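Here is what each chain is made of, one letter per residue.
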Amino acid sequence: MDIQEYFEEAPEAGNSWPVIGHLHLLRGPKPPYIILSEMADKYGPIFTIKMGVHRDLIVSDHETAKECLSINDKAFASRTSTLAMEFLSYNHAMFGFAPYENHWHQMRKLATLELLSNYRLERLKHVRESEIKTSLKELYQLSALGPEERWMMIVGKRIPSSGNDEESEKWKKALKDFFDLSGKFVISDALPFLRWLDIGGDERLMNKNGNEDFMDVMLSLAVETEKHDADTINKATCLAMILAALDTTMVTLTWAMSLLLNNRDELKKLQQELDIHVGKDRLVQESDIKNLAYLKTIIKETLRLFPTGPLGVPHESTEDCMVSGYHIPAGTRLIVNISKIHRDPQVWSDTCEFRPQRFLTTHKVIDFKGQNFELIPFRSGPRMCPGVSFCWEINEKFHYNQ
Ligand code: HEM
């Protein structure tokens, strides 16, 4: 089907907005980020679409993304509220989907300090070597574990020894359901007054999913905020960490493997690096990572080509602001087309090719820590992925310090 079947142009003359299209449905054979990239080719790096009563600002180049995520970072720091999020995130108790309010501040601080920071890794120094494993490798293993073990591992209490097949299947299904439903834009999100009809039965399904416990063991932290009780916060927070960490890293590693297998020269270069710094007699360890410069370029190039969230997670503005000279009112949803930015021919040569070498030469200074808006797989600003340092540099720092 052609893109025209999903939306029709309806430019609104005489207002200060760039281009307005009425997007009826973002469902169909083409993924939304492709549709939005095609629209960007037509309308430029900043335009809006209207979905029912909501207006979305679509940003597709790094300069405009910088304006939104750096200059106007506070204005755009909140999240949109959809039906899926209401049910699946325990009514926004999951801080990744919470509005930019006190609850988000508290929980993000807690998660960053207690799970993802140098401070936590420093504490782990005193734990046995085999227990210093709350890292990508363990998160990768999570899908094979029972819920109690998963939680114990995440809070760093002990490392599980074995998985359980039936439990693991249940967990995989729960994960799949979550991601299927969380991306769902249901009719009542656009037209809230139709919610009571529950067209398509989405609400019933989300409600069922939301009531199922993902975790059997609750964190005993007695943190409560004005909006949520401690049990809800515990469930929501540990689920948020698992959901955010698991799929993203697995998908990235799968893409990296696939790109390497399809680019044998790059694979050979990586093998040479491994032969030099690790040798053939043992497996790679986390402490080797600091010596594996080429491996890092491969991860960067993989995240450039295939960011796990090509459109990121939508934000919502809580105050009026100006972007590219346009007045953007409070309540506008922001979608940053990361995929389009990562393939901008004005920034990258051979945009669709796998060229890790560029990060040692022409793009040596470009990193994804949120300062270079040309490469933002973890985005930038206050809502930037808190897992970025956990995945990458903290491990390095930790090993440098040892
Ligand atoms: C390849 C790996 C990963 C990628 C590409 C990635 C990417 C992202 C992106 C694009 C966002 C949305 C940022 C925004 O809204 O501006 C995000 C949010 C988040 N990520 Fe990650 N992520 C990865 C791994 C992880 C890991 C390992 C963890 C935790 C251990 C994690 C935890 C989170 C959390 C909690 C949020 C929500 C932050 C908030 O709303 O305040 N992520 N991630």
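Remember, predicted model here, so these are calculated numbers, not experimental data.

Rules and cut-offs
Residues numbered from 1 in each chain as written. Predicted model: local features only at pLDDT ≥ 70, side-chain atom pairs only at ≥ 80, totals over all residues. Helix = DSSP H or I, 4+ residues; strand = E, 2+ residues; numbered from the N terminus. pLDDT = per-residue confidence, 0-100. Contact = placed C-beta atoms within 7 Å. Near = placed C-beta within 6 Å. Nonpolar A, V, L, I, M, F, W, Y, C, P; charged D, E, K, R; others polar. Core = buried A, V, L, I, M, F, W, Y, C linked by C-beta atoms within 7 Å. Buried ≥ 20, exposed ≤ 12 C-beta atoms within 10 Å, placed from the backbone.

Quick look at the environment of Met250
Tracing the backbone through its elements, the reader meets Met250 in helix H11 (residues 230-261). Note: C-alpha distance between Met250 and Gly370 (120 residues apart in sequence) is 22 Å.

Topic: the confidence of the model for the protein
Per-chain confidence: the protein averages 75 in pLDDT, with 61% of residues scoring 70 or above. When the elements of the protein are averaged for pLDDT, helix H16 (residues 393-401) gives the smallest value, 40, and helix H14 (residues 338-342) the largest, 97. Within the model, pLDDT remains below 50 along residues 151-163, and this stretch shows 26 contacts once partners closer than five positions in the same chain are excluded. Both confidence scores are given for the complex: pTM 0.75, ipTM 0.98.

Examining the site of the ligand
Contacts to the ligand come from 27 residues, most closely from Gly96, Ala244, Arg379, Cys385 and Gly387. Considering every element that reaches the shell around the ligand, the biggest residue donor is H11, with 7 residues. Broken down by class, the residue content of the shell around the ligand amounts to 16 nonpolar, 8 polar and 3 charged.

Structural notes on the environment of Lys269
Here Lys269 lies in helix H12 (residues 264-277). In this structure the C-alpha to C-alpha distance between Lys269 and Phe76, which are 193 residues apart in sequence, comes to 42 Å.

Description of the nonpolar core
One finds Ile58, Val59, Ala65, Cys68, Leu334, Val336 and Ile376 to be the most contacted residues of the largest nonpolar core, which totals 35 residues. Listed by contribution, the elements that provide at least two residues to this core are helix H1 (32-43), strand E3 (46-51), strand E4 (54-59), helix H2 (62-71), H11, helix H13 (293-305), strand E9 (333-336) and H14. Judged by nonpolar contacts, the second largest core, of 23 residues, contains Phe87, Ala93, Cys238 and Leu239.

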